[in-house]
Amino acid sequence: MKTFTALIKTMRPHQWIKNGFLFAALIFDRQLTNLPAMLCTVAGSVIFCLLSGSVYIVNDLIDLEADRNHPTKRSRPLPSGQLPISLARTTAVLIPLLTLPLAMSLSWSFGLISMLYMALNLSYSRWFKHIPILDVLILASFYVLRVGAGVALIEVERFSPWLYVFTIFLALFLGIGKRRAELALLAENANAHRRVLEGYTIPLLDHLITIVTGITIVTYSLYTFSAPNLPTNHAMMLTIPFVIYGIFRYLYLIHVNKIGGAPENVLFTDRPLQIDLALWGIAILIIFYIF
């Protein structure tokens, strides 16, 4: 039982919340009441959770020695010895072999995106995560692929391309913020724990954050009054303040509270951010399904 628990922990179920991006097509194309589309999206999100879990196992296998010297990652199941390496390797291979055929059965385009997501993740774990700038761009692409996977699962009618653009810059914002938090936390030992941090400095990351912050807000604002399926009264623009507050709150947590190295943990622990996201979601549902 302890081994099974260690295996599930290595698959990072707390990070599966990122796969919620698959529901973007369902929500923003106003198909939440479409039961077949909902069931198909739920099935697709489960597949992505399993695939991402497999990737996390591979990532921990590759980073095994570095994680053993990390102040917090050393307690993970693989570096600490709680999870046998042989079991981790077997699971990492079996999951894609079982889930990718299921992905193809849902939709051939979803299956292709799933394979691309898996291949790009493995390439990132092996090579791209060590290359400054490219590493955060690849991380951002994972979010866009999730949105595209959600679109591939259902028959969308008027899904706006602005949502892809917004997703790209929001993901870049989170990725760069993550790198800044890591660099600030590890200080002079940063390079020993994550090699790519050697290519970054705090001032550079602050400049990049400034750029993507503004673009993220602008792209979302453009979506709220230019997308084809929005209410003609432009009520969607009322959700802009929630996005601005969420971004500003995350910046506050990075710069003042010195956290942000794991965005998913911030989401689970910061109450103001949780309230803001809840209000944003409620506002969208009211505008799309009641107005």
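Residues numbered from 1 in each chain as written. Predicted model: local features only at pLDDT ≥ 70, side-chain atom pairs only at ≥ 80, totals over all residues. Heavy atoms only, no water.

1. Overview of the pattern of salt bridges
Turning to step 1, where the next piece is worked out: Counting across every chain of the model gives 8 salt bridges.
Turning to step 2, where the next piece is worked out: We note a salt bridge from K129 to D63, for which the minimum N-O separation is 2.3 Å. A residue pair is termed long-range when its members are at least 10 positions apart, and K129 in the loop between helix 7 (108-126) and helix 8 (134-153) and D63 in the loop between helix 3 (35-62) and helix 4 (64-68) qualify at 66 residues.
Turning to step 3, where the next piece is worked out: Between R249 and D270 there is a salt bridge, and its shortest N-O distance comes to 2.6 Å. Pair noted here: R249 is in helix 12 (residues 240-255) and D270 is in the loop between helix 13 (263-269) and helix 14 (271-289), with a separation of 21 residues, a long-range link. In terms of burial, R249 and D270 fall into one category: buried.
Turning to step 4, where the next piece is worked out: Each of D135, K178, R179 and E182 takes part in salt bridges that share partners, so that together they form one network. (Salt bridge = Lys/Arg side-chain N within 4 Å of Asp/Glu carboxyl O. Helix = DSSP H or I, 4+ residues; strand = E, 2+ residues; numbered from the N terminus. Buried < 20%, exposed > 50% of the residue type's maximum accessible area, 1.4 Å probe, protein only.)

2. Observations regarding a nonpolar patch on the surface
Turning to step 1, where the next piece is worked out: A surface patch of nonpolar side chains, about 360 Å² in accessible area, is lined by I131, I133, L134, L137 and L204.
Turning to step 2, where the next piece is worked out: Its place among the elements puts I131 in the loop between helix 7 and helix 8.
Turning to step 3, where the next piece is worked out: A relative accessible area of 37% places I131 in the partly exposed class. (Patch = residues over 30% accessible without salt bridge, like charges linked within 9 Å, V, L, I, M, F, W, Y side chains within 5 Å. Areas by Shrake-Rupley, 256 points an atom, 1.4 Å probe, with all protein chains shown as cover.)

3. So, the environment of D60
Turning to step 1, where the next piece is worked out: With respect to the helices and strands, D60 occurs in helix 3.
Turning to step 2, where the next piece is worked out: Classification of D60 by relative accessible area gives buried; the value is 1%.
Turning to step 3, where the next piece is worked out: Measuring from C-alpha to C-alpha, the distance between D60 and V151 comes to 30 Å, with 91 residues separating the pair along the chain.
Turning to step 4, where the next piece is worked out: Once residues lying within four places of it in the same chain are set aside, the contact partners of D60 are T10, R12, D67, R76 and L78. (Contact = heavy atoms within 4.5 Å.)

4. Considerations on the nonpolar core
Turning to step 1, where the next piece is worked out: With 68 residues, the main nonpolar core has F28, F110, F173, Y220, Y223, M236 and F288 as its most contacted residues.
Turning to step 2, where the next piece is worked out: No other element matches the 12 residues that helix 8 contributes to this core.
Turning to step 3, where the next piece is worked out: Sequence-distant contacts of Y223, defined by excluding residues within four places in its chain, comprise F28, S160, W162, L163, L230, M236 and F288.
Turning to step 4, where the next piece is worked out: Membership of the second largest hydrophobic core comes to 11 residues, among which are L7, I57, L83 and A92. (Core = buried A, V, L, I, M, F, W, Y, C linked by side-chain atoms within 4.5 Å.)

5. Some words on the packing of helix 7 against helix 8
Turning to step 1, where the next piece is worked out: Running from N to C, helix 7 and helix 8 cross one another at 165 degrees; their axes reach a closest spacing of 9 Å. Looking at the two axes, helix 7 sits roughly antiparallel to helix 8. Note that helix 7 runs across helix 8; the crossing there is left-handed. Contact residues: helix 7 offers S109, F110, I113, L116, Y117, L120, N121 and Y124, while helix 8 offers D135, I138, L139, S141, F142, L145, R146, G148, A149, A152 and L153.
Turning to step 2, where the next piece is worked out: Class assignment of the residues belonging to the contact of helix 7 with helix 8 gives a composition of 13 nonpolar, 4 polar and 2 charged. (Axes fitted to C-alpha atoms, helices over the stretch in contact; angles between N-to-C directions. Parallel < 35°, antiparallel > 145°, perpendicular 65-115°, else oblique. Left-handed = near helix turned anticlockwise from the far one by under 90°. Nonpolar A, V, L, I, M, F, W, Y, C, P; charged D, E, K, R; others polar.)

6. Things to note about the side chain of Q15
Turning to step 1, where the next piece is worked out: With respect to the element layout, Q15 can be found in the loop between helix 1 (2-10) and helix 2 (24-28).
Turning to step 2, where the next piece is worked out: Among residues more than four places away in sequence, those in contact with Q15 are Y56 and E264.

7. Digging into the environment of L208
Turning to step 1, where the next piece is worked out: Note on placement: L208 falls in helix 11 (residues 202-226).
Turning to step 2, where the next piece is worked out: In sequence terms L208 and I286 are 78 residues apart; their C-alpha atoms lie 35 Å from each other.
Turning to step 3, where the next piece is worked out: Other than its neighbours up to four places away in sequence, L208 contacts I133 and I176.

8. Describing the confidence of the model for the chain
Turning to step 1, where the next piece is worked out: Scored by pLDDT, the chain has a mean of 89; 95% of the residues are at 70 or more.
Turning to step 2, where the next piece is worked out: For the chain, helix 10 (residues 190-193) is the element with the lowest average pLDDT, namely 51, and helix 8 is the one with the highest, namely 95. (pLDDT = per-residue confidence, 0-100.)

9. Overview of helix 8
Turning to step 1, where the next piece is worked out: Counted at 1.5 Å a residue, the expected span for helix 8 with its 20 residues is 28 Å, and the 29 Å between its end C-alpha atoms agrees.
Turning to step 2, where the next piece is worked out: A large share of helix 8 lies buried, amounting to 17 of its 20 residues. (Expected span 1.5 Å × (residues − 1).)

10. Overview of the side chain of K129
Turning to step 1, where the next piece is worked out: According to the relative accessible area criterion, K129 is buried, its value standing at 4%.
Turning to step 2, where the next piece is worked out: Among the polar contacts made by the side chain of K129, one reaches the side chain of N59 at a distance of 2.9 Å.
Turning to step 3, where the next piece is worked out: Every residue in contact with K129, bar those within four places of it in the chain, is listed here: N59, D63, Y124, D135 and V196. (Polar contact = N/O pair within 3.5 Å; in protein donor to acceptor, adjacent residues only side chain to side chain.)

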